[in-house]
Amino acid sequence: MGRRELLGLLLLCLAVLWAGGLAAADEEGNQEESLESKTLSAEDQVKDHSTGTRVVAGQIFLESGKSDSQLEDEENFHSQEEEKENSLEELNSLEMSNLLNKDLDEAELQSPVLTAIGGTADGEPCHFPFLFMEKEYAECTADGREDGRLWCATTYDYKKDQKWGFCETEEQSNKRRQMQEAEDVYQTGMKILNESSKKAQKKEAYQYLLKAADMNHTKAMEKVSYALLFGDYLKQNIQSSKELLEKLTEEGSPKGQMALGFLYASGLGVNSSQAKALVYYTFGALGGNLIAHMILGYRYWAGIGVLQSCESALTHYRLVANHVASDISLTGGTVVQRIRLADEVENPGMASGMLEEDLIQYYQFLAEKGDVQAQVGLGQLHLHGGRGVEQNHQRAFEYFNQAANAGNSHAMAFLGKMYSEGSDVVPQSNETALQYFKKAADMGNPVGQSGLGMAYLYGRGVPVNHELALKYFQKAAEQGWVDGQLQLGSMYYNGIGVKRDYKQALKYFNLASQGGHILAFYNLAQMHATGTGVMRSCHTAVELFKNVCERGRWSERLMTAYNSYKDGDSNSAVVQYLLLAEQGYEVAQSNAAFILDQKASIVGENETYPRALLHWNRAASQGYTVARIKLGDYHFYGFGTDVDYETAFIHYRLASEQQHSAQAMFNLGYMHEKGLGIKQDIHLAKRFYDMAAEASPDAQVPVFLALCKLGVIYSLQYLREINIREIFSHIDMDQLLGPEWDLYLMTIIALLLGTIIAYRQRQHQALPRPAGLRPAVPQQEPPPEHQPPQ
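In this text, all values refer to a predicted model and were calculated from it rather than measured experimentally. (Residues numbered from 1 in each chain as written. Predicted model: local features only at pLDDT ≥ 70, side-chain atom pairs only at ≥ 80, totals over all residues. Heavy atoms only, no water.)

Bringing the overall build of the chain into the picture now. From N to C terminus, the chain includes 35 helices and six strands. A burial count over the chain gives 43% of its 790 residues as buried. Long-range pairs, those at least 24 residues apart, make up 54% of the contacts in the chain with a sequence separation of at least 6. Total accessible area on the chain stands at roughly 44200 Å², and carbon and sulfur atoms take up 52% of it. (Helix = DSSP H or I, 4+ residues; strand = E, 2+ residues; numbered from the N terminus. Buried < 20%, exposed > 50% of the residue type's maximum accessible area, 1.4 Å probe, protein only. Contact = heavy atoms within 4.5 Å. Areas by Shrake-Rupley, 256 points an atom, 1.4 Å probe, with all protein chains shown as cover.)

What follows deals with the packing of aromatic side chains. Tallied over the entire structure, the rule returns 28 aromatic pairs. Look at Tyr 493 and Phe 509: their rings are 6.3 Å apart centre to centre, the planes differ by 50°, and that puts the pair in the tilted class. With a gap of 16 residues between them, Tyr 493 in helix H20 (residues 482-494) and Phe 509 in helix H21 (residues 502-514) connect regions that are remote in the sequence. Grouping residues by exposure puts Tyr 493 and Phe 509 together as buried. (Phe/Tyr/Trp six-rings, centres within 6.5 Å; stacked < 30°, edge-to-face > 60°.)

Okay, the side chain of Asn 591 next. Examined against the element boundaries, Asn 591 turns out to sit in helix H26 (residues 586-597). Accessibility expressed as a relative area gives 1% for Asn 591, which makes it buried. With near-sequence residues (within four places) excluded, Asn 591 lies in contact with Ile 339, Arg 340, Leu 341 and Tyr 577.

Attention now goes to helix H10 (residues 290-302). Taking 1.5 Å of rise per residue, the 13 residues of H10 would be expected to cover 18 Å, and the 18 Å separating its terminal C-alpha atoms lies within 8% of that figure. Counting buried positions along H10 gives eleven out of 13 residues, so the element sits mostly inside the fold. Of all the residues in H10, the buried ones are Leu 290, Ile 291, Ala 292, His 293, Met 294, Ile 295, Leu 296, Gly 297, Tyr 298, Arg 299 and Trp 301. Between a side-chain oxygen at the N-terminus of H10 and the backbone nitrogen of Ile 291 the separation is 3.2 Å; the capping residue is Asn 289. Gly 303 occupies a position one or two residues after H10 and carries a positive phi of about 70°. (Expected span 1.5 Å × (residues − 1). Polar contact = N/O pair within 3.5 Å; in protein donor to acceptor, adjacent residues only side chain to side chain.)

What follows concerns a nonpolar patch on the surface. On the surface, Val 712, Leu 716, Tyr 718 and Leu 719 cluster together to form a nonpolar patch covering roughly 380 Å² of accessible area. With respect to the secondary-structure elements, Leu 719 resides in helix H32 (residues 700-721). (Patch = residues over 30% accessible without salt bridge, like charges linked within 9 Å, V, L, I, M, F, W, Y side chains within 5 Å. Salt bridge = Lys/Arg side-chain N within 4 Å of Asp/Glu carboxyl O.)

With that settled, the discussion passes to the pattern of salt bridges. Throughout the structure, instances matching the rule amount to 16 salt bridges. Here Arg 618 makes a salt bridge to Glu 582, at a shortest N to O gap of 3.4 Å. Of the two residues, Arg 618 sits in helix H27 (residues 608-621) while Glu 582 sits in helix H25 (residues 570-582), which places them 36 residues apart along the sequence. One exposure class covers both Arg 618 and Glu 582, and it is buried.

Turning our eyes to something else, we now look at the nonpolar core. Membership of the largest hydrophobic core comes to 153 residues, with the highest contact counts inside it found for Phe 262, Leu 263, Tyr 577, Ile 595 and Trp 616. Considering every element that reaches this core, the biggest residue donor is helix H22 (residues 518-530), with nine residues. Judged by nonpolar contacts, the second largest core, of twelve residues, contains Tyr 137, Trp 151, Trp 164 and Phe 166. (Core = buried A, V, L, I, M, F, W, Y, C linked by side-chain atoms within 4.5 Å.)

What follows is about the environment of Ala 588. Its location among the elements puts Ala 588 in helix H26. Judged by its relative accessible area of 0%, Ala 588 is buried. Here the alpha-carbon distance between Ala 588 and Val 574, two residues 14 residues apart in the chain, equals 8.9 Å. Not counting residues up to four positions away in its chain, the partners in contact with Ala 588 are Leu 558, Tyr 577, Leu 580 and Ala 581.

The full count for this structure, using the stated rule, is three disulfides. With a sulfur-sulfur separation of 1.8 Å, Cys 126 is cross-linked through a disulfide to Cys 152. Linking Cys 126 and Cys 152, the disulfide has an S-S dihedral of approximately -60° and is accordingly described as left-handed. With a gap of 26 residues between them, Cys 126 in the loop between helix H2 (68-110) and strand E3 (130-132) and Cys 152 in strand E5 (residues 151-153) connect regions that are remote in the sequence. Like Cys 126, the residue Cys 152 is buried in the burial classification. Between Cys 310 and Cys 538 runs a disulfide, and the two sulfur atoms are separated by 2.0 Å. Looking down the S-S bond of the Cys 310 and Cys 538 bridge, the torsion is -115°, so its handedness is left-handed. Pair noted here: Cys 310 is in helix H11 (residues 310-326) and Cys 538 is in helix H23 (residues 538-549), with a separation of 228 residues, a long-range link. Note on Cys 538: relative accessible area 11%, which makes it buried. When the bonded cysteines of the chain are numbered from the N-terminus onward, they pair as 1-3, 2-4, 5-6. (Disulfide = S-S within 2.5 Å.)

What follows covers unusual backbone geometry. A cis amide bond, omega -5°, links Phe 128 with the succeeding residue Pro 129. The residue Pro 129 is located in the loop between H2 and E3 in this model. Positioned with a positive phi, His 660 is a non-glycine residue whose angle comes to about 50°. Among the secondary structure elements, His 660 is positioned in the loop between helix H29 (645-659) and helix H30 (662-674).

With that out of the way, let us pick up the packing of H11 against H23. To describe two helices that pack against each other, one gives the angle between their axes and the distance between the axes. Relative orientation of the contacting elements H11 and H23 amounts to 35°, with a least axis distance of 8 Å. In this structure, the crossing between H11 and H23 has a hand that is left-handed. In this structure, H11 contributes Cys 310, Glu 311, Ala 313, Leu 314, Tyr 317, Arg 318, Val 320, Ala 321 and Val 324 to the contact, and H23 contributes Cys 538, His 539, Ala 541, Val 542, Phe 545, Lys 546, Val 548 and Cys 549. Per-class residue counts for the contact of H11 with H23 are 13 nonpolar, one polar and three charged. (Axes fitted to C-alpha atoms, helices over the stretch in contact; angles between N-to-C directions. Left-handed = near helix turned anticlockwise from the far one by under 90°. Nonpolar A, V, L, I, M, F, W, Y, C, P; charged D, E, K, R; others polar.)

With that settled, consider the side chain of Glu 586. With respect to the secondary-structure elements, Glu 586 resides in helix H26. Relative accessible area serves as the criterion here: at 13%, Glu 586 is assigned to the buried category. Among the polar contacts made by the side chain of Glu 586, one reaches the side chain of Arg 340 at a distance of 2.4 Å. In this structure, Glu 586 is in contact with Arg 340, Ala 619, Gln 622 and Tyr 624, ignoring residues within four places of it in sequence.

Let's shift gears to the environment of Tyr 436. Position of Tyr 436 relative to the elements: it lies in helix H17 (residues 430-442). On the basis of relative accessible area, Tyr 436 is assigned to the buried category, the value being 18%. If we ignore the near neighbours within four places in the chain, the residues touching Tyr 436 are Asn 401, Met 412, Leu 415, Gly 416 and Tyr 419.

What follows concerns the confidence of the model for the chain. For the chain, the mean per-residue pLDDT works out to 79, and 76% of the residues sit at or above 70. Confidence drops under pLDDT 50 across residues 770-790; counting only partners more than four residues distant or on other chains, this segment forms one contact. (pLDDT = per-residue confidence, 0-100.)

Contact geometry for helix H8 (residues 254-266) and H25: axes closest at 11 Å, N-to-C directions at 100°. One finds that H8 runs roughly perpendicular with respect to H25. Contacts between H8 and H25 involve Met 258, Phe 262, Ala 265 and Ser 266 on the former and, on the latter, Val 575, Leu 578, Leu 579 and Glu 582. For the contact of H8 with H25, a count of residues per class yields six nonpolar, one polar and one charged. (Parallel < 35°, antiparallel > 145°, perpendicular 65-115°, else oblique.)

With 13 residues, helix H19 (residues 466-478) should reach 18 Å at 1.5 Å per residue; the first-to-last C-alpha distance of 18 Å fits that figure. Taken together, the buried positions of H19 are His 466, Ala 469, Leu 470, Tyr 472, Phe 473, Ala 476 and Ala 477. Packed against the buried residues of H19 are helix H18 (446-458), H20 and H21. Near the N-terminus of H19, the side chain that reaches the backbone nitrogen of Glu 467, with its oxygen 3.2 Å away, is that of Asn 465.

This paragraph deals with the environment of Gln 187. For Gln 187, the location among the structural elements is in helix H4 (residues 170-195). The exposure class of Gln 187 is partly exposed, given its relative accessible area of 41%. As a C-alpha pair, Gln 187 and Tyr 208 span 21 residues in sequence and 8.8 Å in three-dimensional space. At 2.7 Å, the side chain of Gln 187 forms a polar contact with the side chain of Glu 183.

Here is the structure:
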């Protein structure tokens with residue numbers, strides 16, 4: 001190989017590495033949805049971990065996630081590869097070193113050199129560093145100029161030689177200043193947006209963002225386009241949002257590409273095209289947008305617009321799950337509130353999980369009066385957020401402090417977690433956290449025991465001691481605390497302080513997952529994806545990774561959409577639910593279908609039922625019973641599709657067999673009774689009616705009425721099938737009632753007649769006979785509290 005070819009190859013490698021670095025930096029800057037991975041400090045690392053492990057949010061994972069045998073095979077393979085590489089290196093090291101020494105200067109000369117424009121040294125190369133005002137500059141500067149244009153000196157000492165020129169044309173300078181001004185406006189808007197909780201101030205912030213977007217600021221355009229799409233603090237305008245997203249897509253914004261794909265997928269502002277949606281989603285995912293990855297994961301899992309592929313779904317979901325898991329703090333993430341609108345309407349008395357404002361004020365009143373349980377409950381509510389309460393670490397810290405001063409061990413443990421994690425409100429302090437954990441653990445509190453175990457595992461304020469860590473985690477796990485179960489599973493998984501045991505790890509991860517811990521789902525997904533300790537199952541791994549992905553920060557939009565719906569803004573709510581439905585949230589799919597079912601004005605009147613049918617179908621495929629029954633109803637009545645009793649019967653039967661739905665059983669009984677989509681069978685109809693009554697107490701009254709109706713129909717049908725005259729001709733009354741049956745009958749009739757006459761006479765005597773006309777006295781209405789309930 002010639003020197004020129006080797007030099008060219010070297011330059012190509014350098015260019016690829018440089019481009020990769022730029023792409024990574026661009027991905028960090030452009031993707032707002034990506035979650036920043038938290039790097040643990042040196043004291044947080046376990047000192048004697050086995051090689052090939054990493055620590056994520058207090059969790060220790062094998063980097064490869066593979067079993068011992070797989071790791072040994074890979075080590076052998078890598079050792080063979082290293083031998084080959086070493087031999088090649090021995091042959092070429094001398095030649096390559098000579099080439100690098102001789103041609104490095106040539107490669108540097110080929111790199112672009114900044115040339116001065118205008119000034120006193122037009123066309124001459126800039127000299128870096130150069131000296132100006134007794135200060136060295138390694139790059140172009142605007143110092144010394146009022147117009148802000150960048151310039152450079154072409155010799156080292158500007159004062160001595162006065163040789164200089166501009167680094168940019170006037171047009172480039174104007175554009176740069178405009179972008180800097182746009183950046184300043186954007187940062188002002190974002191500062192107001194992040195520091196304010198009032199709606200009026202957030203609207204003011206978006207005015208700054210609108211101004212920055214008009215100046216072609218990319219991030220501001222992304223913010224504004226989403227605000228216009230969802231109606232967040234700006235009036236909803238799908239068409240304006242589409243124009244901004246198209247502009248962002250041309251500039252290569254992954255966020256813009258994902259949102260434009262959503263518009264084509266849902267047919268909002270454009271003609272629906274699943275092919276275009278797939279293209280834009282793919283480009284968004286390649287740009288690093290996590291929501292685009294999540295959407296593609298769901299599409300490959302469910303086979304929407306693409307061939308169903310579990311492995312492709314696993315790839316996308318695992319990537320997103322890694323980011324979600326890395327963002328989980330020791331205090332846990334925010335609570336994801338899933339409220340189904342259909343269930344709220346069907347069962348208005350059922351608790352939706354939201355706390356009423358009056359109830360929150362009542363608990364606050366109890367907490368102020370010194371009720372420790374109320375203080376701890378409110379502290380946890382504000383620490384994690386959810387149930388209609390926003391996350392507020394300041395309020396949480398205050399409530400925990402009050403309860404801890406009263407001697408509550410649970411509050412002490414949670415204060416320890418807050419100090420261990422650190423935040424804007426509570427400074428990070430291992431020593432203070434350790435004190436609280438010890439106090440709580442001495443009182444037998446599992447949260448404190450788990451926190452103390454974490455301190456000994458990672459050496460936070462104490463020397464690393466795996467035996468003590470294992471001891472405290474076991475105590476916490478025995479009391480059912482999920483963090484203790486999770487960390488115990490991690491120690492068995494990685495063989496830290498104990499012999500590696502995947503079965504024990506699986507056991508404790510399963511226990512923690514039953515408590516809803518996100519990292520437990522993540523660990524189980526990794527084990528099923530790699531076949532570590534269990535049979536490899538792509539389907540199980542995808543379902544677990546999907547569960548983790550749905551706990552990401554974007555899940556907060558579920559509550560935003562719900563609040564929009566409650567405020568009467570159905571159009572804003574349905575668009576937000578549609579985006580979440582694209583990501584695979586079953587509750588969003590059913591809620592979007594529910595709103596569309598009510599004739600949402602954002603889509604055409606003729607399109608509401610077909611679109612609702614699509615989302616009911618997707619929700620039903622994820623196991624939602626009401627959605628399956630809705631599919632049956634749509635095919636039964638012909639909503640959004642042709643009337644098809646056979647398909648309706650299939651959906652009702654699936655809901656009956658898989659989810660034991662009383663409504664589905666009742667509908668099946670009706671279809672058997674009428675012979676709709678199935679052969680008429682009164683006996684099977686009665687069987688399904690009886691099953692519905694057994695499945696739900698609420699079905700007993702409608703089932704009773706249906707059975708009465710069925711009995712009448714059955715009797716009429718029986719009478720039609722037999723000849724009544726023929727029956728009476730065969731009846732012998734003398735033999736049945738005796739020879740004097742006619743006397744018995746006349747006696748009974750006479751007695752009945754006498755009874756009626758006596759009853760009528762007694763009624764006539766009971767009526768009062770007024771002596772004269774008296775004025776009618778108006779009857780007074782009873783007071784409201786004595787009125788019968790309506």
